[in-house]
Amino acid sequence: MKKNQESSKSQLEKTFRLAYALILSMLVLVLFLTASTIYLITDPSLSLLRRFEASAEEPEASVSENTDLIENGIHVETGFIDAPGMMVTIQNCTNCHSSKLVIANRMNEERWIQTIRWMQETQNLWDLGENEKIIVDYLVTNYPPKKVGRRANLQEIEWYPLEE
Ligand code: HEC
């Protein structure tokens, strides 16, 4: 009976030792993982954060490089038609609102000038000076009123009788 008790006691000791070793190795593992994570984040040459920052900056750089890009006769950044007066129009007409607001409107000379006057009187648009004629010419040439309404009258039609 006594022998039996002793062997179960040593069995218990063994189990404790095993558990102790297990906990210790887990602790070492956690410490190692924490240390290597901190190292990866803070080391400038390996840093994951820096790689994210770098990739976020890239698209901006490529956009500013292509400011003057013209494709198929269209100024890519603004959508304006490439024609004489376009740069002056971009410089004066895209500061307060998108170029799309300009492009979406089609008017004759009188109404383009009216729109400019309205912005000057109510929206703090500056005096355009000599540029006004350049801009209005550009707008009338490239964004004239759309031809809407009924078709032209038919002419020289040979009418035929419906009944003999
Ligand atoms: C100082 C600021 C400013 C500048 C510069 C400016 N605009 Fe505007 N423009 C406005 C504001 C504000 C509106 C009203 C926007 C809205 O309704 O959301 C407007 C509206 C317009 C509209 C729409 C008008 C309507 O009837 O809805 C057109 C077209 C337009 N602008 C053309 C131009 C042109 C062409 C130029 C260059 C000569 C120009 N804008 C420059 C401030 C400006």
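Numbers given to residues run from 1 along each chain, matching the order in which its sequence is written. In keeping with the predicted nature of the model, local features appear solely for residues at pLDDT of at least 70, side-chain atom pairs appear and are counted solely at 80 or more, and the whole-chain, interface and lining totals rest on all residues. To obtain the side-chain values, all non-hydrogen atoms of the structure were included, while hydrogens and water were left out.

A word on the coordination of the iron atom of the ligand. Coordination partners: N, O, S within 2.8 Å of the metal, 3.2 Å for Na, K and Ca; water not considered, so apparent gaps in a site are possible. Those protein atoms acting as donors to the iron atom of the ligand are His 97 (NE2) and Met 119 (SD), and they sit at 1.9 to 2.0 Å. Accessibility here uses a 1.4 Å probe with only protein chains present; expressed as a share of the type maximum, an area under 20% marks a residue as buried, one over 50% as exposed, and anything in between as partly exposed. His 97 gets classed as partly exposed once you look at its relative accessible area, which sits at 25%. The class for Met 119 is buried, based on a relative accessible area of 18%.

Moving on, we come to unusual backbone geometry. At Asn 72, a residue that is not glycine, the phi angle is positive and equals roughly 50°. Residue placement: Asn 72 occurs in the loop between strand 1 (70–71) and strand 2 (74–75). Taking the relative accessible area as the measure of exposure, Asn 72 reaches 80% and is therefore exposed. The secondary structure listing takes helices from DSSP runs of H or I that are at least 4 residues long and strands from runs of E that are at least 2 residues long, numbered from the N terminus.

With that settled, consider the site of the ligand. Not every one of the 18 residues close to the ligand is listed here, only the nearest: Cys 93, Cys 96, His 97, Met 119 and Gln 123. Two N or O atoms form a polar contact when they lie within 3.5 Å of each other; inside protein one atom must be a possible hydrogen donor and the other a possible acceptor, and for residues adjacent in sequence the pair counts only when both atoms belong to side chains. Between the ligand and His 97, the relevant distance is 2.7 Å, taken from a nitrogen atom to a side-chain nitrogen or oxygen of the residue. Where the shell around the ligand is concerned, the elements lending two or more residues are helix 3 (86–93), helix 4 (99–103) and helix 5 (109–122). Considering every element that reaches the shell around the ligand, the biggest residue donor is helix 5, with four residues. Among the residues making up the shell around the ligand, the classes are represented as twelve nonpolar, six polar and no charged. Any residue with a non-hydrogen atom lying within 4 Å of a molecule or strand is treated as near it. The classification used treats Ala, Val, Leu, Ile, Met, Phe, Trp, Tyr, Cys and Pro as nonpolar, Asp, Glu, Lys and Arg as charged, and all other residues, Gly among them, as polar.

Moving on, we get to the pattern of salt bridges. One speaks of a salt bridge when a side-chain nitrogen belonging to Lys or Arg is within 4 Å of a carboxyl oxygen belonging to Asp or Glu. This model, assessed by the stated rule, comprises three salt bridges. Between Glu 132 and Arg 117 there is a salt bridge, with the nearest N and O atoms lying 2.8 Å from each other. Residue Glu 132 is found in helix 6 (residues 131–142), and its partner Arg 117 is found in helix 5; the two are separated by 15 residues along the sequence.

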